[in-house]
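One letter stands for each residue in the lines below.
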Amino acid sequence: MSVTIQAVQSFQCISDARHRTLITTLVQKLHDYVQEVQLTETEWLQAIQFLTQTGQLCHEQRQEYILLSDVLGISMLVDEINHQKNEIQTPSTVFGPFFVENMPVRQYADSIVMEDEELSIPLLIKGKISNLRGEAIANAYVDVWQTADNGMYSGQDPEQQIDNLRGVFVSQGNGAYAIKSILPVSYQIPSDGTVGKLLSYAKRTFWRPAHIHFKIVAEGYQSLVTHIFLENDKYLENDAVFGVKDRLIVRHQLKQPDDQSKTLYGLDRDYYLIEYDFVLSES
Ligand code: BEZ
Ligand code: FE
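Residues numbered from 1 in each chain as written. Chains lettered and ligands numbered in written order. Predicted model: local features only at pLDDT ≥ 70, side-chain atom pairs only at ≥ 80, totals over all residues. Heavy atoms only, no water.

As recorded in an unreviewed UniProt entry, the chain goes by the name 6-chlorohydroxyquinol-1,2-dioxygenase, listed as coming from Acinetobacter populi. UniProt, in its Pathway (unreviewed entry) section for the chain, records the words "Aromatic compound metabolism." (UniProt positions renumbered as here; feature names shortened; annotations may be inferred.)

Asks: Could you give an account of the coordination of the iron ion (ligand 2), with specific residues and numbers?
Replies: The iron ion (ligand 2) binds to the protein through Tyr-153 (OH), Tyr-187 (OH), His-211 (NE2) and His-213 (NE2), with metal-donor distances spanning 1.8 to 2.1 Å. Here the iron ion (ligand 2) binds 6 donor atoms, and the angle range of 54 to 164 degrees at the metal identifies the geometry as irregular. When the donor residues of the iron ion (ligand 2) are listed from N- to C-terminus, their spacing reads Y-x33-Y-x23-H-x1-H. Residue Tyr-187 is found in strand β6 (residues 187–188), and its partner His-211 is found in strand β8 (residues 211–217); the two are separated by 24 residues along the sequence. As far as burial versus exposure is concerned, Tyr-187 and His-211 are alike and both buried. (Donors = N, O, S within 2.8 Å, 3.2 Å for Na, K, Ca; no water. Tetrahedral: all angles 85-135°; square planar, octahedral: opposite > 155°, others 65-115°. Helix = DSSP H or I, 4+ residues; strand = E, 2+ residues; numbered from the N terminus. Buried < 20%, exposed > 50% of the residue type's maximum accessible area, 1.4 Å probe, protein only.)

Asks: Report on empty space enclosed by the protein, specifying residues and quantitative values.
Replies: Inspection of every chain in the model, using the stated rule, returns 1 cavity of 30 Å³ or more. Taken as a whole, the largest cavity spans an internal volume of roughly 80 Å³. Along the wall of the largest cavity there are 13 residues; nearest its centre are Gly-96, Pro-97, Tyr-187, Ile-189 and Arg-208. Residue composition of the lining of the largest cavity, by class: 9 nonpolar, 2 polar and 2 charged. (1 Å grid on protein atoms, 1.4 Å probe; cavity = no way out; pocket = protein on both sides within 12 Å on 5 of 7 lines; lining within 4 Å. Points joined across faces, edges and corners; volume = space filled by probe spheres on them. Nonpolar A, V, L, I, M, F, W, Y, C, P; charged D, E, K, R; others polar.)

Asks: Explain the side chain of Thr-54 to me, and be specific about the residues and the numbers.
Replies: Looking at where Thr-54 falls in the secondary structure, it is placed in helix α3 (residues 41–57). Residue contacts for Thr-54: discarding those within four places in its chain leaves Glu-64, Tyr-65 and Thr-194. (Contact = heavy atoms within 4.5 Å.)

Asks: So what's going on with the domain arrangement of the chain? Which residues, and what values?
Replies: Domain assignment breaks the chain into domain 1 (1–39) and domain 2 (75–280). Distance between the C-alpha centres of domain 1 and domain 2: 41 Å. (Domains from an automatic or database assignment.)

Asks: Report on unusual backbone geometry, specifying residues and quantitative values.
Replies: Even without a glycine there, the phi angle at Ala-109 is positive, about 70 degrees. When you line up the elements, Ala-109 lands in the loop between β1 (105–106) and β2 (123–131). For Asn-139, which is not glycine, the phi torsion reads 60 degrees and is therefore positive. Relative to the helices and strands, Asn-139 resides in the loop between β2 and β3 (141–145).

Asks: I'd like to hear about the packing of helix α4 (residues 64–71) against helix α6 (residues 194–201), residue by residue, with values.
Replies: The N-to-C vectors of α4 and α6 enclose an angle of 25 degrees; their axes lie 9 Å apart at closest approach. Relative to α6, the element α4 is oriented roughly parallel. In contact with Glu-64, Leu-67, Leu-68 and Val-71 of α4, α6 contributes Thr-194, Val-195, Gly-196, Leu-198 and Leu-199. Of the residues that constitute the contact of α4 with α6, the class distribution is 6 nonpolar, 2 polar and 1 charged. (Axes fitted to C-alpha atoms, helices over the stretch in contact; angles between N-to-C directions. Parallel < 35°, antiparallel > 145°, perpendicular 65-115°, else oblique.)

Asks: So what's going on with the pairing of strand β9 (residues 224–230)? Residues and values would help.
Replies: Along β9, 6 of the 7 residues are buried, which leaves the element largely enclosed by surrounding structure. Judged from the 6 bridges that link them, β8 and β9 form a sheet pairing that is antiparallel. Considered in β9, the bridge of His-211 is made with Phe-229. What sits between the antiparallel neighbours β8 and β9 is a turn of 6 residues, in which Gly-220 has the positive phi angle 85 degrees. The pairing of β9 with strand β10 (residues 249–250) spans 2 bridges and is parallel. Across the sheet, residue Phe-229 finds its bridge partner in β10, namely Ile-249. (Pairing = 2+ DSSP bridges.)

Encoded structure:
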């Protein structure tokens with residue numbers, strides 16, 4: 001009996017059917033791969049060393065394995081299999097490693113900029129959260145996070161206080177949300193680990209197009225993890241982690257302040273506006 005058949009059969013006693021399928025199929029496919037490429041002992045050892053170093057880099061603030069999954073396109077494939085079952089709901093995309101839990105709950109139209117607010121043109125992001133029938137979803141928790149002008153997230157950059165460019169907003173009775181911020185910038189994913197070595201070796205880009213992350217949680221609805229991307233970013237066609245979807249690309253327009261912008265959003269100077277509605281599916 002071949003070693004492949006023996007190895008696959010050795011996991012047949014796992015009683016949970018789904019776990020049995022996951023493990024036996026994995027073993028079978030790994031054996032198929034080794035056969036197909038006729039793996040040498042040196043290559044096998046290099047692969048073990050790569051995975052060992054990847055694991056050694058991981059700690060609470062650094063998830064090199066998630067990054068590896070992202071650059072291999074696995075994260076987006078899992079996303080594709082598990083979400084977007086219809087054309088109306090807002091598409092999801094990669095979660096990424098820079099989410100921080102328990103950020104401050106902010107009021108409608110509050111700013112998430114905690115530092116140097118006067119230096120940049122303000123950005124207003126506003127819209128509605130609704131369900132597939134177009135009905136407003138009130139009390140949805142909208143977690144938002146983005147990079148600063150230097151292309152770094154708080155938590156990654158010791159110079160930024162942890163709640164800078166982060167916050168949780170709660171949608172209003174009519175589903176409306178409004179967030180003040182600054183424009184995000186395109187940035188490079190961490191390149192100082194095993195994933196960085198792999199991308200350099202493959203002459204691949206480290207860049208992600210400018211985006212703002214959202215995680216939206218509402219009772220009775222599937223949670224949505226997504227981004228909005230700025231149109232015309234030069235990396236939209238070449239995202240290092242394959243996260244761009246057409247329906248997530250948004251326009252930002254430069255606006256002059258008027259009575260409404262002053263009273264509703266506290267904006268009394270030129271500002272950028274992004275309008276984006278999120279649609280959630282029932283759970
Ligand atoms: C991010 O968008 O924050 C991200 C996603 C995947 C890998 C690295 C960063
Ligand atoms: Fe990001």
